[in-house]
Amino acid sequence: MQTILVLITFSIAAGFLLKKFVWNPIFESRQNSSGTLDGGKTKCGKRDCGCH
C-alpha cells in the first residue's frame, strides 16, 4: 500500500515539474509577442512614445 502511494506521489510531482519546465515554455514561445519592449506586459511600449 505504501509503495502505491509513493508511486502516485512521485508521478504527480514528476508531472508537475514536466508541465512547469517543459510543456509551458514550449507553447508559450510559440505565441506572438505584441511588440512592446517587455514582451507585452505594459500598455505603453512603442519605441517612439517618449515614456522610456
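An unreviewed UniProt entry lists the protein chain under the name FeoB-associated Cys-rich membrane protein, from Aequorivita flava.

Before going further, it helps to spend a moment on the overall build of the protein chain. Within the protein chain one finds one helix and zero strands. Burial statistics for the protein chain: of 52 residues in total, 4% are counted as buried. Per element, the accessible surface of the protein chain, about 5100 Å² overall, is 63% carbon and sulfur.

Inspection of the entire model under this criterion finds zero aromatic pairs. For the cation-ring pair, Lys20 lies above Phe21, with the distance from its terminal atom to the ring centre recorded as 5.9 Å.

About the criteria used
Residue positions are counted from 1 within each chain, in the order its sequence is given. Given that this is a predicted model, residues contribute local features only at a pLDDT of at least 70 and side-chain atom pairs are listed and counted only at 80 or more, while totals for whole chains, interfaces and linings are drawn from all residues. Where side-chain values are given, they derive from all heavy atoms of the structure, hydrogens and water being excluded. The numbering of helices and of strands both runs from the N terminus, where a helix is a DSSP run of H or I of at least 4 residues and a strand a run of E of at least 2. The classification of residues rests on relative accessible area computed with a 1.4 Å probe and restricted to protein chains. Under 20% of the type maximum is buried, over 50% is exposed, and intermediate values are partly exposed. Under the convention used here, a 1.4 Å probe and the Shrake-Rupley method define accessible areas, while residue burial counts only the protein chains that appear. Between rings of Phe, Tyr and Trp, where Trp is taken as its six-membered ring, a pair exists when centres lie within 6.5 Å; planes separated by under 30 degrees are stacked, by over 60 edge-to-face, and by other angles tilted. Sitting over a ring, as applied to charges here, requires NZ of Lys or CZ of Arg to be within 6 Å of the ring centre and within 35 degrees of the ring normal.

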